[in-house]
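# Understanding the architecture of this molecule
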2 protein chains.
Amino acid sequence: MVSHAQTKQAKMLNLVPYVRPIVGTQRMGHTFPGATVPFGMVQLSPDTDTIPYEMNGKYNPDVYKYCAGYQYDDKTIVGFSHTHLSGTGHSDLGDFLMMPTVGELKLNPGTADQPNSGFRSSFSHVTEVAEADYYKVKLDDYNIVAELTATNRVGFHQYTFPKSDSAHIILDLVSGIYNYEDKNVWTFVRVENDTLVTGYRQTSGWGRTRTVYFAMVFSKPFLGYGTKNYSKKQVYRGFWGKFDQNNNFPEIAGKQIRMHFDFATQQSEKIKVKFALSAVSTEGALLNLRTETPAWDFEKVKQQGQALWNKELNKVLITSDEDGRENFYTAMYHAFINPTTYMDVDGSYKGLDQNIHTAKGFINYTTFSLWDTHRALHPLFNIIQPKRNADMIQSMLAHYNQSSLHMLPVWSNSANENWCMTGYHSVSVIADAVVKGNAPFDVNKALDACVITARHRSYDGIGYYMDMGYIPADKNGSSASTTLEYAYDDWCIAQMAKKLNRTAIYNEFSKRSENYHNVFDASVGFMRARMSDGSFKKNFDPLSTANQGFIEGNSWNYSLYVPHAPAELITMMGGKKRFTAHLDSLFTMELPDKYFAETEDITRDGIIGNYVHGNEPSHHVAYLYNWTDEPWKTQSTIRMIMEKQYHPLPDGLGGNDDCGQMSAWYIFSALGFYPVAPGSDQYALGSPSVTSAIIQLDNGKTFTIEAKDQGNKNVYVQKVILDDKPLNRLYITHQEITQGGKLVFYMGSSPVIK
Amino acid sequence: MVSHAQTKQAKMLNLVPYVRPIVGTQRMGHTFPGATVPFGMVQLSPDTDTIPYEMNGKYNPDVYKYCAGYQYDDKTIVGFSHTHLSGTGHSDLGDFLMMPTVGELKLNPGTADQPNSGFRSSFSHVTEVAEADYYKVKLDDYNIVAELTATNRVGFHQYTFPKSDSAHIILDLVSGIYNYEDKNVWTFVRVENDTLVTGYRQTSGWGRTRTVYFAMVFSKPFLGYGTKNYSKKQVYRGFWGKFDQNNNFPEIAGKQIRMHFDFATQQSEKIKVKFALSAVSTEGALLNLRTETPAWDFEKVKQQGQALWNKELNKVLITSDEDGRENFYTAMYHAFINPTTYMDVDGSYKGLDQNIHTAKGFINYTTFSLWDTHRALHPLFNIIQPKRNADMIQSMLAHYNQSSLHMLPVWSNSANENWCMTGYHSVSVIADAVVKGNAPFDVNKALDACVITARHRSYDGIGYYMDMGYIPADKNGSSASTTLEYAYDDWCIAQMAKKLNRTAIYNEFSKRSENYHNVFDASVGFMRARMSDGSFKKNFDPLSTANQGFIEGNSWNYSLYVPHAPAELITMMGGKKRFTAHLDSLFTMELPDKYFAETEDITRDGIIGNYVHGNEPSHHVAYLYNWTDEPWKTQSTIRMIMEKQYHPLPDGLGGNDDCGQMSAWYIFSALGFYPVAPGSDQYALGSPSVTSAIIQLDNGKTFTIEAKDQGNKNVYVQKVILDDKPLNRLYITHQEITQGGKLVFYMGSSPVIK
């Protein structure tokens, strides 16, 4: 129990022990257990398999489990790679896999079925330690203890070897997450001397044109090294045959390269490796390495990394039971991994145009999974990471400026746009910051970028949408859900325009924001895909996610997706009573198995009735009861979702964490409020699961939350007192939080029915 | 006739009319007819075929003809690409092929057999104009006149179209010289607006890791554009399917891309394209474009380019007959194409380490074909391009500093080392400059670089060479010739060390320079490959080039390759009489056809007897008569070689021009002297073919050559007067040239036998 929660000027608490990076590593969470600092460029983590995304032209469905490289149930570790996405549903990265071994040199990773055929090692969770910015495991096949920590841009390995005349550290440039035959476009390595190696890996995957540079340094000179190029074909060898390129040859390039560095070790000898990344150059990586890790003190780097985590975790001090604390701070941890830093220590970074730019006055970030994170993660940042959120928006605007399509990011991925999912939800993130007054950038230029993006007729049905008010199902596979998303995004633009007195834009986008009406079929009471001729798409099935015009959701869920106008939605859907019944059914119905088979990215546990918490489009839905006559159902439902969907265990996440969105939903909900419509300054009240919390704001103020008579059964809010005055509404505003104050929930076991 | 040749302060003459870029484009010269400025980064030239180097795993021998992209006998032009090597025997480049067409859009190039199947066009030499920095041709299939000129970094196209509603300019990123399936590693294009396009092409060929960036701008907005990606396979498409990527989609990347830009044209309408290159970035290319070609005046760019040529050509003013003038100035032209500028206008360039560097105080060059050009081209530069030669050496030293192998360049190719051919002839170029006093760089560091390079035991037999005094034939395919080359290079290092008073190095390398003795078999009187056990390699055939331990030459030729010690060589080979007989036989014997079949890179015409002028190892050989009792044979033989091997015609070169080495041989020989051993300050006298010449030195002085009673039959030198005093030796020194003066040859039809 964190006893200082009531103290206004709380000192820095050690909250790292409550962070469990292992949460979500089993099954669907797609998180990774390895080392990273908040929003760091490096995510140094074990990969338990490296199976290819595609082999011989066929998709390998098993690869899906390995979005973050690690699956808790696996028995072997292939190695430790330096970049990982956290909680995504498609993947990439896994750059520069390293593996320490002893004995016979093996340069292929082997397979899970035949682990001894390759350099992978068996391991046990008994020897595994996963903390914020620290990971430790024993590699049983080799009797090597591997420890990992990281600074922002440098992964720090510490391998404790047995005595061996044949110790190796393998650097595998072939390995990667979601790999396939041609994913490696090029790799390049230079052995600069007997401790320093530099190079890069260029891939074409989710990031179509992506290069990551490295500089690595060993704490001890290697005795020798070797290279094997696994390229099936290398047409021109020419005069390179002068050299023995496989042994101690320092200039290496090709598409499929694995290297080994050889040592002799004493019993318990530690060999350390500092491995720096850069998006710019090997020179940049070396600068990062020398700046961030000038010494060889592993313990100190770990302590500094954990201190960085504590600083971020201390932004919210809670009192709660043990599981609640672990859930909460693990969620805080997962919320603060992505987006990731994407610039060198000198501010230089590679832009979408593949040129080198300098971030002036902001940190440049990448890894924006905006379809997910606009919902709650960026709103959370506006409260507890306002500076970073503004920098993220600056990064998004830089992306826009570098885009020859002239579009804000959809999914920004290491100087690439991967276009993943739908909508143009950058505008939600920007509008939310502008409306909430966290916008230290040129807001009018930002609005222009939003407008130009939203008028991009050739992008995903926008032309149709602008002309017809909806996207026709015969033109677009996600016609209905995308229409709904555009309508919400347009409302965001309108809110921003209103604040900036840009009346014409306000009018244009307010009108567009009503387009949700155009995909509503009153005859069935559901949102429904519509054809070019105005008719609704045939063979409607509101439970099906297949071929119905909705992405990652069915009409049952998406029919509730008008976050910016719940009252109008309720009217449209037949009034409060009928709407309440729709919500009740959503959470309680039994979804036939055949529909589950159609869903994406979730386990059966990720579904409550027909409510799919594991996917994002319904994250606001439980809060919609607030707009009905039965708001207490929000309270009980939120608590029920928290109870069912979040556990501080390896399988504690029922769906992909999606770069922190699932975690951000938890953080808000645990605190008792949620941003139903980012772009509004209001947060809908729910039912806090914490006993108390202090939000320590960057402006020096604190916002305190108390839940009197908190308990597992006392999920119903009896009354709410804000700053000593009764709060006779179901929301609080952003300003009420940021000006500091105290929100007291009185909890009880029965709903208060008005 | 250039009548001002005798005038000391000659004004700038227009010598461009004597330059015939078409020379060497038929058969073996491997020159290109297109537009370039002296030592320019851009070589914008027509490619008459784009056949692949390899198809389905099999080498295509026909590709050899297309080292420079153009073969005079071809009937069609595929397009105009922006980079070409001049006179090489292996190849690369051919980046960014452009082709204007009208009518039906074709995006494949078609084949020579079925030209109408693709976008290539027939053409005729009747409409073709090839001048220094200007090329013009009519594309008969389309009735389009194409004109090309260039600045250092910008290719300037001017296409005169017929009236057409369907005019196209094709940008082919697949096409390249010595292409094969995986040569394109990646290409990237951005359509920035309706006139500006940027991008890059990354290849792995002769240059293993090579990227060239571009920025192109059209004089008229295109109406639309399209892309086709010819990659056989592109695994991950993901959400890119939101877009129609084939039409008007501005963000393009992949491995096999062709694009078209569409226009409507009036009769005789000119569309111009400025196409800038950079080794650094698209931003760099755009900077180059805006700096070098701020306007749209094609004629002015051409005039400026030709003025640059005139400035260089005026460095030697000759009087000669018409053919002699054309031979001479065409040779000057070919001598001043390579090496090529390799930096942006702001001095930034990509280094061997793939990082971006800035050239401080020098122009950074690449395209160093040093096995060829150390012989006469760089010595020529020390006389008439001293500043550039010093900058070239600085570029070589930068390459060394960026090399993790710690080696000076062997063949420097656009931030790559391609290791082509043998030896470490950088040291010859550096030593020549140091010995001749043209060394405005840190000479001691330069010597250190030479020594470290020459002691690189793992490089091409150096370890054996250092331990045994020769490279064993059982360890290395070019064991004998490489031993000879190392011995010469080592002598160069010794000469430099001597000048710098580095005695230990002088002693070490003087000793090494005698290693030519170790591959001489006195029992046969020839250089001969030797085995590890000391025995000579069996099955010796001094005429064969196959499996005898000699590269691009046979023992007959290579036995004469001790350029640094002709007197010792003569003694070793049995004295002057026997040596003279060897030389006589070389030039007069009839080489049986079976041996010709073994030779590389030459036509039958490129061989005189058994003397192979088309390859370089014998370029000094005709001058060796100077060390015998019959020096007049040098005179007649040189004149004979010039007569047979150089014509101002498309087939005027009997072998590859080899980045200017063949041309540099001609320039020296035409002036009457030649650097038999670069690294010495002496030039052996021959027989000038000019009537007179003025070398206009950068120091403001002139060195004048006169050949009294010059004539086709008067090839024998009767006496030589240097600065009004009889010259009683068969050489002049570098200082005698650079201090200014006058060298008068008195010519006659009979040798002067002393």
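What counts, and at which threshold
Residues numbered from 1 in each chain as written. Chains lettered and ligands numbered in written order. Predicted model: local features only at pLDDT ≥ 70, side-chain atom pairs only at ≥ 80, totals over all residues. Heavy atoms only, no water. Contact = heavy atoms within 4.5 Å. Salt bridge = Lys/Arg side-chain N within 4 Å of Asp/Glu carboxyl O. Polar contact = N/O pair within 3.5 Å; in protein donor to acceptor, adjacent residues only side chain to side chain. Helix = DSSP H or I, 4+ residues; strand = E, 2+ residues; numbered from the N terminus. Nonpolar A, V, L, I, M, F, W, Y, C, P; charged D, E, K, R; others polar. Least-squares fit on C-alpha atoms with pLDDT ≥ 70 in both. Axes fitted to C-alpha atoms, helices over the stretch in contact; angles between N-to-C directions. Parallel < 35°, antiparallel > 145°, perpendicular 65-115°, else oblique. Left-handed = near helix turned anticlockwise from the far one by under 90°. Disulfide = S-S within 2.5 Å. Buried < 20%, exposed > 50% of the residue type's maximum accessible area, 1.4 Å probe, protein only. Lys, Arg positive; Asp, Glu negative; His and termini not counted. Phe/Tyr/Trp six-rings, centres within 6.5 Å; stacked < 30°, edge-to-face > 60°. Lys NZ or Arg CZ within 6 Å of the ring centre and 35° of its normal. 1 Å grid on protein atoms, 1.4 Å probe; cavity = no way out; pocket = protein on both sides within 12 Å on 5 of 7 lines; lining within 4 Å. Points joined across faces, edges and corners; volume = space filled by probe spheres on them. Pairing = 2+ DSSP bridges. pLDDT = per-residue confidence, 0-100. Core = buried A, V, L, I, M, F, W, Y, C linked by side-chain atoms within 4.5 Å. Arc of directions from axis to C-beta.

### Considerations on the interface of chain A and chain B
Contacts between the two partners involve 57 residues from chain A and, on the opposite side, 57 residues from chain B. Linking chain A to chain B there are zero salt bridges. Applying the counting criterion to the chain A and chain B interface returns 25 residue pairs in polar contact (both at pLDDT 80 or more). Elements that contribute at least two residues to the side of chain A that touches chain B include exactly strand 13 (184-191), strand 14 (196-203), strand 17 (251-254) and helix 1 (282-292) of chain A. Among the elements that make up the side of chain A that touches chain B, the one with the highest residue count is strand 13 of chain A (five residues). Residues of the side of chain A that touches chain B, tallied by class, amount to 26 nonpolar, 17 polar and 14 charged.

### Here's the deal with the relation of the copies chain A and chain B
Both copies of the chain are related by one operation, a rotation about an axis with a shift along it. Superposition record for chain A on chain B: RMSD 0.0 Å, screw rotation 180 degrees, translation along axis 0.0 Å. These values place the two chain copies in the arrangement generated by a two-fold rotation axis. In terms of C-alpha distance to the rotation axis, chain A has valine 185 of chain A as its closest residue, with the C-alpha 3.1 Å off the axis. Taken together, the interface assignments show that 100% of the residues at the interface of chain A recur at the interface of chain B, consistent with an identical surface on both copies.

### Re the packing of helix 7 (residues 426-435) of chain B against helix 10 (residues 479-499) of chain B
Working note: a packed helix pair is described by the angle between its axes plus the distance between those axes. All names here are of chain B. At a minimum axis distance of 9 Å, the contact between helix 7 and helix 10 shows a crossing angle of 30 degrees. Taken together, the axes of helix 7 and helix 10 are roughly parallel relative to one another. In the crossing of helix 7 with helix 10, the sense of the turn from one axis to the other is left-handed. From helix 7, Val427, Ser428, Ile430, Ala431, Val434 and Val435 reach across to helix 10, where they touch Tyr488, Asp489, Cys492, Ile493, Gln495, Met496 and Lys499. Taken together, the residues of the contact of helix 7 with helix 10 sort by class into nine nonpolar, two polar and two charged.

### Side note on the state of the cysteines
A covalent bond between the sulfur atoms of two cysteines is what we call a disulfide. Residue and element names in this part refer to chain A. If you walk through the whole model with that rule in mind, you get zero disulfides over all chains. Note on cysteine 659: no disulfide assigned, nearest cysteine sulfur contributed by cysteine 420 at a separation of 9.8 Å. According to the relative accessible area criterion, cysteine 659 is buried, its value standing at 0%.

### Some thoughts on the side chain of aspartate 344 of chain A
Residue and element names in this part refer to chain A. Within the secondary structure layout, aspartate 344 lies in the loop between strand 21 (340-341) and strand 22 (348-350). Put simply, aspartate 344 is tucked away with no salt bridge, and the nearest opposite charge, on arginine 153, sits 5.1 Å away. For aspartate 344, the side chain forms a polar contact with the side chain of serine 278, separated by 2.9 Å. At 2.9 Å, the side chain of aspartate 344 forms a polar contact with the side chain of asparagine 288. Leave out the neighbours within four places in its chain, and aspartate 344 touches Arg153, Leu277, Ser278, Ala279, Val280, Gly284 and Asn288.

### Digging into unusual backbone geometry
Note that the residue after asparagine 338 of chain A, namely proline 339 of chain A, is joined by a cis bond; omega there is -10 degrees. Within the secondary structure, proline 339 of chain A sits in the loop between helix 3 (322-335) and strand 21. With a phi angle near 60 degrees, histidine 30 of chain B is a residue other than glycine that sits in the positive phi range. Structurally, the position occupied by histidine 30 of chain B is in the segment before strand 1 (45-47).

### What about the pattern of salt bridges?
Taken as a whole and judged by the stated rule, the model has 58 salt bridges over all chains. The residue lysine 742 of chain A makes a salt bridge to glutamate 706 of chain A at a minimum N-O spacing of 2.6 Å. Of this pair, lysine 742 of chain A sits in strand 38 (residues 741-748) while glutamate 706 of chain A sits in strand 34 (residues 702-708), placing them 36 residues apart in sequence. For lysine 742 of chain A, a relative accessible area of 35% translates into the label partly exposed. Accessibility expressed as a relative area gives 14% for glutamate 706 of chain A, which makes it buried. With a shortest N-O distance of 2.5 Å, aspartate 448 of chain B and arginine 502 of chain B are connected by a salt bridge.

### Section: helix 5 (residues 377-384) of chain B
A large share of helix 5 of chain B lies buried, amounting to eight of its eight residues. Those residues of helix 5 of chain B lying buried are Leu377, His378, Pro379, Leu380, Phe381, Asn382, Ile383 and Ile384 of chain B.

### Considering the packing of aromatic side chains
Residues and elements named next belong to chain A. As enumerated under the stated definition, the model contains 102 aromatic pairs over all chains in all. Between tyrosine 53 and tyrosine 180 the ring centres are 5.8 Å apart and the planes differ by 50 degrees, which places this aromatic pair in the tilted class. One end of the pair, tyrosine 53, is in the loop between strand 1 (45-47) and strand 2 (54-55); the other, tyrosine 180, is in the loop between strand 12 (164-172) and strand 13, and 127 residues separate them in sequence. The same class applies to tyrosine 53 and to tyrosine 180, which are both buried. With centroids separated by 5.4 Å and ring planes inclined at 90 degrees, the aromatic side chains of phenylalanine 156 and phenylalanine 298 adopt a geometry described as edge-to-face. Of the two residues, phenylalanine 156 sits in strand 11 (residues 154-161) while phenylalanine 298 sits in helix 2 (residues 298-313), which places them 142 residues apart along the sequence. As far as burial versus exposure is concerned, phenylalanine 156 and phenylalanine 298 are alike and both buried. Three or more aromatic residues link up through ring pairs in this structure, and these residues are Tyr623, Tyr646, Trp665, Tyr666, Phe668, Phe673, Tyr674 and Tyr683. Of note, arginine 530 hangs over the ring of tyrosine 470, and the distance from its end group to the ring centre comes to 4.8 Å.

### Examining the layout of surface pockets
Size it by volume and the second largest pocket reaches roughly 750 Å³. Lining the second largest pocket are 35 residues, with Val280 and Ile356 of chain A together with Val280, Ser281 and Ile356 of chain B sitting closest to its centre. Looking at the lining of the second largest pocket residue by residue, the classes come out as ten nonpolar, 17 polar and eight charged.

### Brief notes about the sheet that holds strand 9 (residues 134-139) of chain B
All names here are of chain B. Strand order in the open sheet formed by nine strands is 8-9-10-11-19-15-14-13-17, and the pairing between neighbours is antiparallel. Edge strands, defined here as strands with exactly one partner in the open sheet, are strand 8 (129-131) and strand 17 (251-254). Each adjacent strand pair in this sheet contributes to an overall mean axis angle of 15 degrees, direction not counted. Pairing geometry for strand 10 (residues 144-150) and strand 11 (residues 154-161), over six bridges, is antiparallel. The partner of threonine 149 across the bridge, within strand 11, is phenylalanine 156. Along the sheet, helix 2 (residues 298-313) contacts strand 8, strand 9, strand 10 and strand 11; its crossing angle with strand 10, the most-contacted strand, is approximately 45 degrees.

### Considering the environment of lysine 228 of chain A
Residue and element names in this part refer to chain A. Relative to the helices and strands, lysine 228 resides in strand 16 (residues 224-229). Expressed as a C-alpha distance, the spacing of lysine 228 and glutamine 256, which sit 28 residues apart in the sequence, is 8.1 Å. Beyond its immediate stretch of four places on either side in the chain, lysine 228 contacts Leu107, Gln256, Ile257 and Arg258.

### Details of the confidence of the model for chain A
All names here are of chain A. Of the residues in chain A, 97% have a pLDDT of 70 or more, and the chain-wide mean is 95. Overall, residues 1-9 carries pLDDT values under 50, and its contacts beyond four positions in sequence, including any with other chains, amount to 21 contacts. Interface confidence in the predicted complex, given as ipTM, is 0.95; pTM for the same model is 0.96.

### Notes on the pairing of strand 12 (residues 164-172) of chain B
Residue and element names in this part refer to chain B. Most of strand 12 is tucked away: seven of the nine residues are buried. Two elements, strand 12 and strand 18 (residues 257-265), share seven bridges in a ladder whose sense is antiparallel. Bridge pairing in strand 18 places aspartate 172 opposite arginine 258.

### Describing the environment of asparagine 476 of chain B
Residue and element names in this part refer to chain B. With respect to the helices, strands and loops of the structure, asparagine 476 is situated in the loop between helix 9 (462-468) and helix 10. Contacts of asparagine 476, omitting those with residues within four sequence positions, involve Asp460, Gly461 and Ile471. Polar side-chain contacts of asparagine 476 include one of 2.9 Å to the side chain of aspartate 460. At 2.9 Å, the side chain of asparagine 476 forms a polar contact with the backbone nitrogen of serine 478.

### Quick notes on the nonpolar core
Ranked by internal contacts, the top residues of the largest apolar core, which has 160 residues, are Ile430, Leu671 and Phe673 of chain A. Considering each element in turn, this core owes the most residues, eleven residues, to helix 10 (residues 479-499) of chain A. In this structure, leucine 671 of chain A is in contact with Val316, Ile318, Phe328, Pro688, Val690, Ala693, Ile695, Ile705 and Phe745 of chain A, ignoring residues within four places of it in sequence. Among the nonpolar cores identified, the runner-up in size contains 159 residues, and Phe441, Ile638, Phe668 and Ile705 of chain B belong to it.

### Section: helix 11 (residues 503-512) of chain A
All names here are of chain A. For helix 11, the set of buried residues is Ile505, Phe509, Ser510 and Arg512. Taken end-on, helix 11 shows its buried residues confined to a sector of 155 degrees, consistent with a single buried face. Seen from the buried face of helix 11, the exposed residues on the opposite side, beyond 90 degrees, are Thr503, Ala504 and Lys511. Packing partners of the buried residues in helix 11 comprise helix 8 (443-454), helix 9 (462-468) and helix 10.

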